[in-house]
Structures are given as C-alpha cells and as structure tokens.
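Understanding the architecture of this molecule
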Amino acid sequence: MTATRTPPRLALALTVTSLMAALTLTPAQADDGGPSVPPGTEPSATAPVEVDPNDPDLKLPEGATLAEPKVLDIKQVVEDQSGDERREDTNADVKFALQAEVLFGKDSAKLNGEAKARISAIAAEIKNQHATQIRVFGFTDNLGSYAHGRTLSRQRANAVQDVLDQELKDAGITYEVRGYSEDYPIASNATEAGRKKNRRVEVSFPRGEG
C-alpha cells in the first residue's frame, strides 16, 4: 500500500495558510448557502512553489509519494461599519462593492452628490494597482421584474464607469460593463437588510505585481 505523507517543512506552511483562511472575514451568505459570483470572477489562486519529491530533506518513507498540492485562495474582506462599502482582496484581484443607496436615488441611475467621492477613491486604487482591465457590474434585489432590474443595473454600472473613465483619463484601460439584475446575490433577498446588500455596483480589477 502506498503511503502519502506531508513533508514536515511544508506542514507548517499549510497550517499557517489554513489559519489565515479561517480568520478571514466572509461576506453575507446567499440563499443557496454561499455567495454566488458572476462568470469570470471566480477565485484564481496561483500554483504553489514546486517541490522536488526527491529532495532528501523530505525524508519520505521508502515507497511513499507526495500528495497533490492544494492551493487556498485567501480572501480578505473589509466592510465599513454602515455596510455601505465593502472591499475584497485576493491574491489576484481587488473588488469594491458599493450599495446602490449611497450612489443613487430609489429606482434611479442618476448619481448623487456623494457618489463621485466614493468612485474617485476607487479610481485612485486602480491607479495604485496599475490596472488596465476593469469590470463594473451592477446588481439589484429580486423586487420588481427581472427585465427592469436588468436595465436598471446596467444603467447604474454605466454611470459608475463614466465617472471612472473621467477620473482615470487612460485610453489604455479596457472596461467590461454588465447589468445582472437579481442574479448573483451576496445575501438573502428574504429580508430588507439582505436586499439592501444585493442592490450594489461592484468594481473589480487585477492586483498589481508590486
């Protein structure tokens, strides 16, 4: 029978990584037991450093082999006390989520006076990360028709993208702008508190290498 053993010097690294994952805050859960994400925004952890299975320091028993490596995509989530704004950082991406109420009036895609300052802060982080590919996705709750939500969420995403474009003034940036209506909730639509979280605009972009 072939034995599988985690090398001693890797065990500590895996333990620390697992502990960090356990301590990471997570966003509110959706109705299906976990938050859902739009296509193309799934976790994308990079492969670990390659380990030489023949390294004598591993001290594997005779006939033993290394198990397949497991990669944890660690996510750090920071949400302000009001819940109006949330930032998620992974090893690959940065994502900001702004609740619709802090950007727009009810059932409106017209930005309010406070919105530009919040979007400008996101633009500053985009510059800091030297990002050239930006996603701007709009979402609604499940009240009203799906078609209306699709139109409203896209109009709101367009409005945020317009301000980002004005702030960044970079012809080399590519935008992906979509409206998803009630799809991909991050909280339960059964309560107003959950619906408020789901009415949002998300801006995401790759992390810089620096």
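For the structure itself, consult the block above.
Residues numbered from 1 in each chain as written. Predicted model: local features only at pLDDT ≥ 70, side-chain atom pairs only at ≥ 80, totals over all residues. Heavy atoms only, no water.

1. Observations regarding the pattern of salt bridges
The criterion, for reference: Any carboxyl oxygen of Asp or Glu that lies within 4 Å of a side-chain nitrogen of Lys or Arg is treated as forming a salt bridge with it. A helix here means a DSSP run of H or I that spans at least four residues, while a strand means a run of E at least two residues long, and both kinds are numbered starting from the N terminus. Buried, partly exposed and exposed residues are distinguished by accessible area as a fraction of the type maximum, computed with a 1.4 Å probe on protein chains only: under 20%, between the cut-offs, and over 50%, respectively.
If you walk through the whole model with that rule in mind, you get 15 salt bridges. A salt bridge links glutamate 202 to lysine 95; the nearest nitrogen and oxygen atoms lie 3.7 Å apart. Taken together, the residues glutamate 202 in strand E6 (residues 200-206) and lysine 95 in strand E3 (residues 93-99) connect sequence positions 107 residues apart. In this structure glutamate 202 comes out as buried when scored by relative accessible area, which is 4%. Aspartate 141 is paired through a salt bridge with arginine 199; the nearest N and O atoms lie 2.6 Å apart. On the criterion of sequence distance, the pair formed by aspartate 141 in the loop between strand E4 (133-139) and helix H3 (146-168) and arginine 199 in the loop between helix H4 (192-198) and E6 is long-range, its members being 58 residues apart. For aspartate 141, a relative accessible area of 7% corresponds to the buried category. Residue classification places arginine 199 among the buried residues on the basis of a relative accessible area of 13%.

2. As for the side chain of glutamate 125
Quick reminder of the rule: Polar contact is defined as a pair of N or O atoms within 3.5 Å, subject to the rule that within protein one atom must be able to donate a hydrogen and the other to accept it, and that residues adjacent in sequence are counted only when both atoms are side-chain atoms. We call two residues contacting when some pair of their heavy atoms lies within 4.5 Å.
For glutamate 125, the position within the fold is in helix H2 (residues 115-129). For glutamate 125, a relative accessible area of 14% gives the class buried. There is a polar contact of 2.8 Å between the side chain of glutamate 125 and the side chain of glutamine 129. Those residues in contact with glutamate 125 that sit more than four places away from it in its chain are Arg87, Phe96 and Phe205.

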